[in-house]
Amino acid sequence: MRRFSLWVLLALLAWTPSLARAAGATVVTFETKNLNDGRVQTGSMYFAKNRLKIVTVSTTPGSQPDMIYRGDQRLVWIVDHDRKSYIQMDRETMQQMANQFAGVYAELEARLAKLPPEQRAQAERMFKDRLPQATETPPRGELINTGEPQTINGYQCIKYEFYLNGVQDSELWVTRSSELNFSSMAELLESMGEFYSGLTRNLPGGAESADFDFEIFGQLDGFPILIRNLDGDRVTTETLMRQIRTEEVRDDFFDPPEGYTKVSPMQRMKR
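Enquirer: Help me out: how do you make sense of the pairing of strand β6 (residues 85-89) in this one?
Expert: Consecutive side chains along a regular strand alternate between the two faces of the sheet. For β6, a buried count of 5 out of 5 residues is recorded, marking the element as mostly surrounded by other parts of the structure. Alternating positions in β6 separate into two faces, S85, I87 and M89 on one and Y86 and Q88 on the other, with burial throughout. Between the end of strand β5 (residues 75-80) and the start of β6, which pair antiparallel, lie 4 residues, with K84 showing a positive phi angle near 50°. Strand direction decides the pairing type here: β6 and strand β12 (residues 261-263), joined by 3 bridges, are parallel. Paired with Y86 across the strands is K262, a residue of β12.

Laid out in structure tokens, this is it:
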């Protein structure tokens, strides 16, 4: 799927009964290969009731941020271990960002209006390539079950194709294995997709930024074991689900670590 970025490494906190009770989680370990530059990211997705945590590690230097979705609180946390800080994304935060973007755009328009016509046209072309553009037409996604079977990593799978605005964007090999609680996992991912779309709706280009990565899970009759992203006829990335298991994790595993500082998204963008 487009921009399906699954990055993470197992970062499980030690179990301490006196601090937090343990809860069961479905853990999906995966590997993503970028076929353009050879980079590899590995990690794990932790599924629990109304909660999802994605932890990744990359071949490039520096740690990758953790992503925590809390459906019970209607928010997302992006945890930066290098800076020992986290960003909270909720409706209030996104509205504040939308207001700030609106102010930036208004200031930009005022400055462009003072330029001679030729210079203004040149500046507008430059900003059009670099800034998100508002659109009234949402992207159109279509998921097709081809019925083509294949065994992948020990799972019997069926091939799905995902089209974005009529162009094939990705292929997904989906299993209905009875070993997996894929219906609850898909519901959680679909819930996150709906939440994400609601957050971005008021941002510039928000209609185009609707992310199908999570939303279309609700349309899958199973869980994807292999995902290939396409650019025309060329495969650009592959994500393989290597292992699916259950594990006990502490409840606070789905919270930012104690002692980390909360920072605003706009503050982080200025750095």
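Enquirer: Would you take a moment to explain the pairing of strand β9 (residues 167-175) for this structure?
Expert: Burial runs high along β9: 7 of the 9 residues are buried. Note: strand β8 (residues 155-164) against β9, 8 bridges, orientation antiparallel. Along β9, the bridge assignment pairs Y163 with Q168. The turn joining β8 and β9, which pair antiparallel and follow one another in sequence, is formed by 2 residues; a positive phi near 55° is taken by N165. Direction of pairing for β9 relative to strand β10 (residues 223-231): antiparallel, over a ladder of 6 bridges. Across the sheet, T175 pairs through a bridge with F223, a residue of β10.

Definitions and limits used
Residues numbered from 1 in each chain as written. Predicted model: local features only at pLDDT ≥ 70, side-chain atom pairs only at ≥ 80, totals over all residues. Heavy atoms only, no water. Buried < 20%, exposed > 50% of the residue type's maximum accessible area, 1.4 Å probe, protein only. Helix = DSSP H or I, 4+ residues; strand = E, 2+ residues; numbered from the N terminus. Pairing = 2+ DSSP bridges.

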